[in-house]
Amino acid sequence: MLGAIIGDIVGSPYEWNRIKTTDFPLFGPKSYFTDDSVMTVAVAEGLLNGGKDKQKAEAEIIAAMRRYGAWYPDAGYGGMFSEWLTSAEPRPYNSYGNGSAMRVSAAGWLFDTLEETEEFAEISARVTHNHPEGIKGAKATAAAIFLARHGAGKAEIKEAVVTKYGYDLSRTLDEIRPGYFFNETCQKTVPEAITAFLESESFEDALRKAVSLGGDSDTLAAITGSIAEAFYGIPEEIKKQALERLDGRLRAVVERWTI
């Protein structure tokens, strides 16, 4: 989960100031957490509270997301999600936005089997993003995390994602980067984020490569970072820098998660 939060913080200065290079300060005065981190923490808390009871997990995720949305009303949510957060009767709205994938990382860590991981990833997505592409993006991301933390190599992770989810991972970052632009869909974010991980050489390099695509930088880096954490781990100095940029409430959930 922390890998997603760090990716969000690292990518945040470039969401509206997009770059096409890996040469940039990893942390700076404009590096801050956004809705990606807030909802990642909310889903993690919901899954922790819900346990393996699927119905309870769904209810807890909804409650946590709405609670955190009220605590952080200006975190940068999309319009339809903002309406969902304050609706008297929150219902899924058929979204295929990349929000389902950026917030799912906890599901990749909490469960003992790939099947369970995918089931709870779908639950976390469908409370808002019940479009097949929104669900697919969350499941593919969680599955990649699950496989990485269980020692799968990059070739195995790539094959699993391509075979099971049908994403095209054949293009290199150098082929993607020139024509890539800001895009908030799972279809145009998740494959690119996974490719950034596949081409990376370290946790930090993965984040730099994701940001360098020049797209929805904080979300790209959050998805890439969530997988890279499971594969590489997180260097202590990067972890320290990120935690310093969280407030007490978010940091407490991260610490609970660690325990």
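This text follows the structure it describes.
Residues numbered from 1 in each chain as written. Predicted model: local features only at pLDDT ≥ 70, side-chain atom pairs only at ≥ 80, totals over all residues. Heavy atoms only, no water.

Asker: Outline the overall build of the chain, listing residues and values.
Answerer: Across its full length, the chain holds 15 helices and 0 strands. Seen through its principal axes, the chain has C-alpha atoms that stretch 45 × 40 × 35 Å. For the chain, buried positions account for 58% of its 259 residues. Long-range pairs, those at least 24 residues apart, make up 75% of the contacts in the chain between residues at least 6 apart in sequence. (Helix = DSSP H or I, 4+ residues; strand = E, 2+ residues; numbered from the N terminus. Buried < 20%, exposed > 50% of the residue type's maximum accessible area, 1.4 Å probe, protein only. Contact = heavy atoms within 4.5 Å.)

Asker: Any chance you could break down the nonpolar core for me, citing the residues and the numbers?
Answerer: As a rule of thumb, nonpolar side chains are buried together in soluble globular proteins. In this structure, I6, M39, M65 and Y68 are the most contacted members of the largest nonpolar core, which totals 90 residues. Ranked by the residues each element gives to this core, the list is headed by helix α8 (residues 132–149), at 10 residues. Excluding anything up to four places from it in sequence, M39 contacts M65, Y68, G69, Y77, F81, M102 and R103. (Core = buried A, V, L, I, M, F, W, Y, C linked by side-chain atoms within 4.5 Å.)

Asker: An account of the pattern of salt bridges is requested, with residue identities and associated values reported.
Answerer: Think of it this way: side chains of opposite charge can pair up when their charged atoms draw near. Scanning the entire structure with this criterion turns up 15 salt bridges. The shortest N-O distance in the salt bridge between E204 and R208 comes to 3.0 Å. Taken together, the residues span about one helical turn, with E204 and R208 both in helix α12 (residues 203–211) at a distance of 4 residues. According to the relative accessible area criterion, E204 is partly exposed, its value standing at 29%. Residues joined by salt bridges that share partners form a network here, namely K52, D112 and E116. (Salt bridge = Lys/Arg side-chain N within 4 Å of Asp/Glu carboxyl O.)

Asker: Kindly report on the packing of helix α1 (residues 2–11) against helix α2 (residues 35–50), identifying the contributing residues and their values.
Answerer: The contact between α1 and α2 brings their axes to 8 Å, and the two run at 165 degrees. Considering their axes alone, α1 and α2 lie roughly antiparallel with respect to each other. In terms of crossing hand, the pair formed by α1 and α2 is left-handed. Across the interface between the two elements, A4, I5 and D8 of α1 pack against D36, S37, T40 and V41 of α2. In terms of residue class, the contact of α1 with α2 is made up of 3 nonpolar, 2 polar and 2 charged. (Axes fitted to C-alpha atoms, helices over the stretch in contact; angles between N-to-C directions. Parallel < 35°, antiparallel > 145°, perpendicular 65-115°, else oblique. Left-handed = near helix turned anticlockwise from the far one by under 90°. Nonpolar A, V, L, I, M, F, W, Y, C, P; charged D, E, K, R; others polar.)

Asker: Would you mind going over helix α9 (residues 154–165) in detail, with residue names and values included?
Answerer: The end-to-end C-alpha distance of α9 is 16 Å, a good match for the 16 Å that 12 residues give at a rise of 1.5 Å each. Where α9 is concerned, the buried positions are K154, I157, V161 and Y165. For α9, the arc enclosing every buried residue in end-on projection is 65 degrees, short of the 170-degree limit, so these residues lie on one face. Relative to its buried face, α9 has exposed residues pointing more than 90 degrees away, namely A155, E159 and T163. (Expected span 1.5 Å × (residues − 1). Arc of directions from axis to C-beta.)

Asker: A description of unusual backbone geometry should follow, citing residues and the corresponding values.
Answerer: Unusually for a residue other than glycine, N94 sits at a positive phi of about 60 degrees. Within the secondary structure layout, N94 lies in the loop between α4 (79–86) and α5 (99–102). Taking relative accessible area as the criterion, N94 reaches 43% and is therefore assigned partly exposed.

Asker: Break down the layout of surface pockets for me, with residues and values.
Answerer: Within this model, the largest pocket holds a volume of roughly 540 Å³. If you go around the largest pocket, you meet 29 residues; those closest to its centre are D35, Y77, G78, N98 and E184. Those elements that place two or more of their residues in the lining of the largest pocket are α2, α4, α5 and α13 (217–232). Classifying every residue of the lining of the largest pocket by side-chain character gives 10 nonpolar, 12 polar and 7 charged. What the second largest pocket holds in volume is close to 150 Å³. Taken together, M1, L2, E229, I234, K239, L243, V254, E255, W257 and T258 make up the lining of the second largest pocket. Elements with a contribution of two residues or more to the lining of the second largest pocket: α14 (236–243) and α15 (248–258). Looking at the lining of the second largest pocket, the element that brings in the most residues is α15, giving 4 residues. (1 Å grid on protein atoms, 1.4 Å probe; cavity = no way out; pocket = protein on both sides within 12 Å on 5 of 7 lines; lining within 4 Å. Points joined across faces, edges and corners; volume = space filled by probe spheres on them.)

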